[in-house]
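Coordinates in review
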Amino acid sequence: MLDISLQNFEADLITASTQQPVLLDIWAPWCGPCKQLGPVLEKLEVAYAGRFKLAKLNSDEQPEIASQLSQAFGVRSIPFCVIFLGGQPVDGFVGALPEAQVRAFLDKHVPSPDELEAEAELGEAEALIAEGDAESALAKLQQAVAIDPANDAARFDYVRLLLETGQLAQAEQAYAPVASKAIADPRLDALGRWIAAQRTAATARSAATLASAIAANKRDFEARFELAQSHFAAGRFTEAMDELLEIVMRDKAWNQEAARKAYVAILALMAKPAPKPTANQPAKGALELTGKSAPSTATDPLLDQYRRKLSMALF
């Protein structure tokens, strides 16, 4: 537990909440319900074993912060608790709630032990991938998915690495539980299309045969798409997009826009995942508290180039 003031507000509340949830208890010495709630919160901070950090703010000593938060949430009384995630206040409650209700509130926002363990495994796997140790990374990712099957980031990395290392059957098995979510998740959809490309490549005609067919007829879209799928399957993403773009430029609607959809899938695979929210970059839907603008995100020139190519072909 720590006390929040204007001096440590940024470091110990805003920035700290980008690493773990921080529950801010706004209280006052004269407030009876505050004295009832305080020990409950302190007990839960210990019980949750580091899954959230408890911070306290004396509203008499820090009226500026207390007033801003109260106005943001439309609250006029204390005790008032606000949980900070990703550098922003995202939810709160008022009054000296019983322990069970406080637990229910925390459980909506605080990661479970399994989620924390899975995130740790994912972080170690990312480091192993950067070092080129795919075998050890796969073991870590498999463990992360087993611990927390709902962690789509871990599953994405796991399926992707299986595909990159030529383990199609295992990738299909790992992908199956999230296949139904592909409609709403472009990254999962991209994995599904990569799996399909690897299936197609297994029985595809040779590159020389396909090139001859395309040379004889520029509108042989079946041959061109088959060649693109072979490139896609092997991770030759730019070569695949070059072939797909030729189809899009000549016939956008061919085969229910199969070329455009495959092109977009490759872009999704090449793009880095969105960074986790930081103190200067609030989560979607979060309240603006600090008034700071989000920093610009570095772009990939190659990705930008291929996005422009597709946009020009479509419009």
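In this report, we go over the structure that sits alongside the text. Throughout, a residue's number is its position along its own chain's written sequence, starting from 1. With pLDDT at 70 or above as the cut-off, local features in this predicted model cover only qualifying residues; side-chain atom pairs require 80 or more to be listed or tallied, and sums for whole chains, interfaces and linings still use all residues. For side-chain calculations, the full set of non-hydrogen atoms in the structure is used, while hydrogens and water are omitted.

Criterion for a disulfide: a pair of cysteine sulfur atoms within 2.5 Å. Within the structure shown, the criterion is met by 1 disulfide. At a sulfur-sulfur separation of 2.4 Å, the disulfide partner of C31 is C34. Taking the torsion about the S-S bond as the criterion, the C31 to C34 disulfide, at about 80 degrees, is right-handed. Each residue gets one of three labels from its accessible area relative to the maximum for its type: buried under 20%, exposed over 50%, partly exposed in between, using a 1.4 Å probe on protein chains only. Note on C31: relative accessible area 4%, which makes it buried. Among the cysteines around C81, which has no disulfide bond, C34 carries the closest sulfur, lying 8.6 Å off.

As a further point, take helix α12 (residues 237-250). If you check α12, its first and last C-alpha atoms are 20 Å apart, about what 14 residues at 1.5 Å a residue would give, namely 20 Å. Strands here mean DSSP runs of E at least two residues long; helices mean DSSP runs of H or I at least four residues long; both are numbered from the N terminus. Listed in full, the buried residues belonging to α12 are F237, A240, M241, E243, L244, L245, I247 and V248. We call two residues in contact whenever any of their non-hydrogen atoms come within 4.5 Å of each other. Contact partners of the buried residues in α12: α7 (152-164), α9 (186-202), α10 (207-216), α11 (221-233), α13 (254-270) and α14 (301-314). Here the expected span of a helix is defined as 1.5 Å times the quantity of residues minus one.

What follows is about the nonpolar core. The nonpolar core is taken to be a set of buried Ala, Val, Leu, Ile, Met, Phe, Trp, Tyr and Cys residues, with the residues joined through side-chain atoms within 4.5 Å. Core analysis: the largest hydrophobic core is formed by 55 residues, its most contacted members being V159, L191, F232, L244, Y263 and L269. When residues in this core are grouped by element, the largest group, 10 residues, is from α13. Not counting chain neighbours up to four residues away, the residues in contact with Y263 comprise M241, L244, L245, Y306, K309 and L310. Core analysis: the next-biggest nonpolar cluster, separate from the first, contains 18 residues, L13, A55, A66 and L69 among them.

Centres within 6.5 Å make a pair out of two Phe, Tyr or Trp rings, where for Trp the six-membered ring is used; the pair is then stacked when the planes are under 30 degrees apart, edge-to-face when over 60, and tilted otherwise. Enumeration over the complete set of coordinates arrives at 9 aromatic pairs. Measuring from ring centre to ring centre gives 5.9 Å for F221 and W254, while their planes differ by 70 degrees; the resulting arrangement is edge-to-face. Of this pair, F221 sits in helix α11 while W254 sits in helix α13, placing them 33 residues apart in sequence. Each member of the pair, F221 as well as W254, is classed as buried. Cluster of aromatic residues (ring-pair linked, three or more members): W194, F232 and F237. Any Lys NZ or Arg CZ that is within 6 Å of a ring centre and within 35 degrees of that ring's normal is treated as a charge sitting over the ring. Over the ring of F156 we find R187; its NZ or CZ atom is 3.7 Å from the centre of that ring.

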